[in-house]
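# Structural features, examined
Next come the chains, spelled out residue by residue.
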Amino acid sequence: MICQKFCVVLLHWEFIYVITAFNLSYPITPWRFKLSCMPPNSTYDYFLLPAGLSKNTSNSNGRYETAVEPKFNSSGTLFSNLSKTTFHCCFRSEQDRNCSLCADNIEGKTFVSTVNSLVFQQIDANWNIQCWLKGDLKLFICYVESLFKNPFRNYNYKVHLLYVLPEVLEDSPLVPQKGSFQMVHCNCSVHECCECLVPVPTAKLNDTLLMCLKITSGGVIFQSPLMSVQPINMVKPDPPLGLHMEITDDGNLKISWSSPPLVPFPLQYQVKYSENSTTVIREADKIVSATSLLVDSILPGSSYEVQVRGKRLDGPGIWSDWSTPHVFTTQDVIYFPPKILTSVGSNVAFHCIYKNENKIVPSKEIVWWMNLAEKIPQSQYDVVSDHVSKVTFFNLNETKPRGKFTYDAVYCCNEHECHHRYAELYVIDVNINISCETDGYLTKMTCRWSTSTIQSLAESTLQLRYHRSSLYCSDIPSIHPISEPKDCYLQSDGFYECIFQPIFLLSGYTMWIRINHSLGSLDSPPTCVLPDSVVKPLPPSSVKAEITINIGLLKISWEKPVFPENNLQFQIRYGLSGKEVQWKMYEVYDAKSKSVSLPVPDLCAVYAVQVRCKRLDGLGYWSNWSNPAYTVVMDIKVPMRGPEFWRIINGDTMKKEKNVTLLWKPLMKNDSLCSVQRYVINHHTSCNGTWSEDVGNHTKFTFLWTEQAHTVTVLAINSIGASVANFNLTFSWPMSKVNIVQSLSAYPLNSSCVIVSWILSPSDYKLMYFIIEWKNLNEDGEIKWLRISSSVKKYYIHDHFIPIEKYQFSLYPIFMEGVGKPKIINSFTQDDIEKHQSDAGLYVIVPVIISSSILLLGTLLISHQRMKKLFWEDVPNPKNCSWAQGLNFQKRMPGTKELLGGGWLT
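Per an unreviewed UniProt entry, the protein is named Leptin receptor, and its organism is Pan paniscus. Quoted verbatim from the Subunit (unreviewed entry) heading of the UniProt record, the comment on the protein is "Present as a mixture of monomers and dimers. The phosphorylated receptor binds a number of SH2 domain-containing proteins such as JAK2, STAT3, PTPN11, and SOCS3. Interaction with SOCS3 inhibits JAK/STAT signaling and MAPK cascade." Turning to the protein, the UniProt annotation filed under Function (unreviewed entry) states: "May transport LEP across the blood-brain barrier. Binds LEP and mediates LEP endocytosis. Does not induce phosphorylation of and activate STAT3."

Structure (structure tokens):
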């Protein structure tokens, strides 16, 4: 055992000495190679020793070998009788049976490593070796398989790999020293197949990796020559992913796959597939650089099995493992394309191959149906080949959804039946309107569009694409081959919104909506937008509204926005302020205008005013309405007139002094224009006495009437002045005795209206108007009064009247000279009341009589029909009575001239 250990140490030293002395290594190839260790008299005993080694052994051919004489006691080993043998280890490829010489071209040196062992003298030792860099580019793997056939397997078998990645290998006369090598233990199976894993940093994939193998078998160590490799040249990719097969729109079988991840260079692919059908069995093997392959001449009812592997396209590399087999079976009816997505107005075509009962139907016998309800005319058929039929659809209309189906089903049939499989036709109206507007600051353009006008397609996405030209828009917009997508976001109103910022005002933006789907993509008609032509200006600012004093017009003023610099037109809307403003519109086309004055019906109301603007040439949009401006109610003019007033006279009729109380109603805003601050009473007596009294805001005033004639006038005063037109009332003792009212009548129409009429006698005085007074004599309420024109002889008083109450009605004639004698009645006129009551009874009786007449007439008609029905039930049916079958019942029989229900019996 001690001798064996000594031999191992000695051999290790010898190996280091040899590789250090000659700096020679075997370049690892992408394919499998063999490590062989053999006695000198075997087939490979012609190897030359490296230059510089001592020659202590020679053979008959003049070849030299390195001899290491380990001394150990072999009496304890199983092979104690074997003599000392020197083994040579070298590399050779599977194609070349000769050992490879790792030589320098200039000196002609040959590299051979040697081992000495008491092993099988006539049996060689061989290992298959293959190395590669794993697809994740992190591990370099060497696979070692023992070919040593030994019937005795009771010895230990170990494999170690020594490696080093030197920093710089070029220009270095020697390889790295012994201490710089690292050792990894290889994982070996029971069948002496070992896997050695060497970690390689990503930064050193292009560096040279130096390695050697140390194999221990039966206590004997075999040392390989030095190997060198660049890991990047030995990449073994992972198998291709996502193997998939489908029938293309042209009727070919498309085999597609994806490249494995992390591969730092392009790959080439080897595709092997087999086709098995009732008529054809074929196999093929092709190498391609793309990730797909087209197979033509496919047949219905065929089965295809495919596998793919990959390898570096340019430069050395190792084929990956084969992908998992993928099987694809074609149907008995092949449609190509199987589905079509298109837009309204387009033309499309379907092809089909029909296999029925293991026989392909001739294309001339194929007919086409739509939704199994409409046979497609033969004028739309085309015979492409003996077995391929084609149908074309022209100027397609939008597909109408049928329940959950959003497509039309196109069937390829023979003359007698249709297969249950069909092609799908999706026709979508892609006419999507895109509207854009540029903001008032001219910094961004917002575009909006909605999908409510088009049919939604499951699993489809919509995207706005655009192309910006350098200047303006073309006359006819078209989809540019170079375009960019724009992110659009769905808003709460169902529209998508996209924002372009920054913008070029004079550049043409051609836009369209692209509908992306697995069946293809569709584009809406393009539209071109010039940001400068779609400006929505800012609303006018500093909007003011007021009612002009003395003139009485609504004056509106504003300031135009800074942008755009184009001439602008303005639109004004105004109306009475409230919850729901009834707007009136006014247009201003003068770009220089900043104000306008408009007449309004009510000068004392609050008006709301808003202004907006737009380019005068009509391009772009109206701005938003400005914030509303409101007028302030204020006095515009002096009141148009004073208040109407009346009086109540209290006092002894025999005395000349009486208290007169004036009553008036507050002025409305339209009369006061627009407020009343106070009232002033002007007095004028027969003795030419004149004075005024300010009564403030009161609507009642009492004064003492002592003169024979006393005239009063009530003036309304606002912040501008006193009313111009005023009412006068003259109190005159002589005029109070003038009686021109002969009679006065009052009768109620209902509880809310009383008719008052009167008759006048001729008079020499000028009658100005009447005053009607009324009051409830059973209550102490206020006297109510109305001013009535002098031309009126009958008047309707609208008030709340109680029929059982007693009312007093008074009619005063008002002359220019004073108030005449009134006509007074203390109750309603009795004759009129009775007449009115009789008229009311008539209104009730007449409808009752009419209703009763209609009811009686209906009863008579119903009775007549029932009598006829009862009579004819006894008349036999000629079809059921033999004796009546020959009679003509349409002819009047003798003795039947009798009336029944007002008509002749027939």
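### Side note on the overall build of the protein
Along the protein, the regular secondary structure elements total 3 helices and 62 strands. Looking at the protein as a whole, 43% of its 906 residues qualify as buried. Taken as a whole, the protein presents about 50300 Å² of accessible surface, with 52% of it coming from carbon and sulfur.

### So, the packing of aromatic side chains
Counted according to the given criterion, the structure contains 28 aromatic pairs. Aromatic pair Tyr466 and Phe500: ring centres 4.9 Å apart, planes at 90 degrees, arrangement edge-to-face. One end of the pair, Tyr466, is in strand β33 (residues 461–468); the other, Phe500, is in strand β36 (residues 495–500), and 34 residues separate them in sequence. Assessed through its relative accessible area of 12%, Tyr466 is described here as buried. Centre to centre, the rings of Trp758 and Phe770 are 5.4 Å apart; their planes meet at 55 degrees, and the pair counts as tilted. Here the residue Trp758 occupies a position in strand β55 (residues 753–760), and Phe770 occupies one in strand β56 (residues 767–776), the gap between them amounting to 12 residues.

### Quick word on the sheet that holds strand β51 (residues 700–705)
Read from one edge to the other, the open sheet built from 3 strands follows the order β47-β48-β51, with strand pairing classed as antiparallel. Both outer strands of the open sheet, β47 (645–650) and β51, are each paired with one neighbouring strand and no more. With direction set aside, neighbouring strand axes in the sheet form an average angle of 25 degrees. As paired strands, strand β48 (residues 658–664) and β51 are joined by 6 bridges and run antiparallel to one another. Note on β51: the bridge partner recorded for Leu662 is Phe701.

### Side note on a nonpolar patch on the surface
Taken together, the side chains of Leu471, Tyr472 and Leu506 make up a nonpolar region of the molecular surface, amounting to roughly 290 Å² of accessible area. Structurally, Leu506 is set in the loop between β36 and β37 (509–517).

### Observations regarding the pattern of salt bridges
Under the definition given, this model contains 13 salt bridges. The salt bridge involving Lys339 is made with Glu424; its shortest N-O contact spans 3.8 Å. Of this pair, Lys339 sits in strand β22 (residues 339–343) while Glu424 sits in strand β30 (residues 423–428), and the two are 85 residues apart along the sequence. A salt bridge links Glu644 to Arg787; the shortest N-O distance between them is 3.7 Å. Within this pair, whereas Glu644 is found in the loop between β46 (629–630) and β47, its partner Arg787 is found in strand β57 (residues 784–789), the two being separated by 143 residues in sequence. The structure contains a network of salt bridges with shared partners spanning Arg448, Asp493 and Glu497.

### A look at the pairing of strand β38 (residues 520–523)
Sheet topology places β37 next to β38; 4 bridges connect them, and they run antiparallel. Residue pairing for β38: Arg514 is matched across the bridge by Asp523. Where β37 hands over to β38, the hairpin turn is made up of 2 residues, counted between the paired strands.

### Remarks on the nonpolar core
Core analysis: the biggest nonpolar cluster contains 65 residues, and Trp127, Phe140, Leu161, Met211, Leu213 and Trp257 have the highest contact counts within it. Looking at this core, the element that brings in the most residues is strand β5 (residues 125–133), giving 6 residues. Contacts of Trp257, omitting those with residues within four sequence positions, involve Pro240, Leu241, Gly242, Leu243, Tyr269, Val271, Val288, Ala290, Thr291, Ser292, Leu293 and Val308.

Thresholds, definitions, all that
Residues numbered from 1 in each chain as written. Predicted model: local features only at pLDDT ≥ 70, side-chain atom pairs only at ≥ 80, totals over all residues. Heavy atoms only, no water. UniProt positions renumbered as here; feature names shortened; annotations may be inferred. Helix = DSSP H or I, 4+ residues; strand = E, 2+ residues; numbered from the N terminus. Buried < 20%, exposed > 50% of the residue type's maximum accessible area, 1.4 Å probe, protein only. Areas by Shrake-Rupley, 256 points an atom, 1.4 Å probe, with all protein chains shown as cover. Phe/Tyr/Trp six-rings, centres within 6.5 Å; stacked < 30°, edge-to-face > 60°. Pairing = 2+ DSSP bridges. Axes fitted to C-alpha atoms, helices over the stretch in contact; angles between N-to-C directions. Patch = residues over 30% accessible without salt bridge, like charges linked within 9 Å, V, L, I, M, F, W, Y side chains within 5 Å. Salt bridge = Lys/Arg side-chain N within 4 Å of Asp/Glu carboxyl O. Core = buried A, V, L, I, M, F, W, Y, C linked by side-chain atoms within 4.5 Å. Contact = heavy atoms within 4.5 Å.

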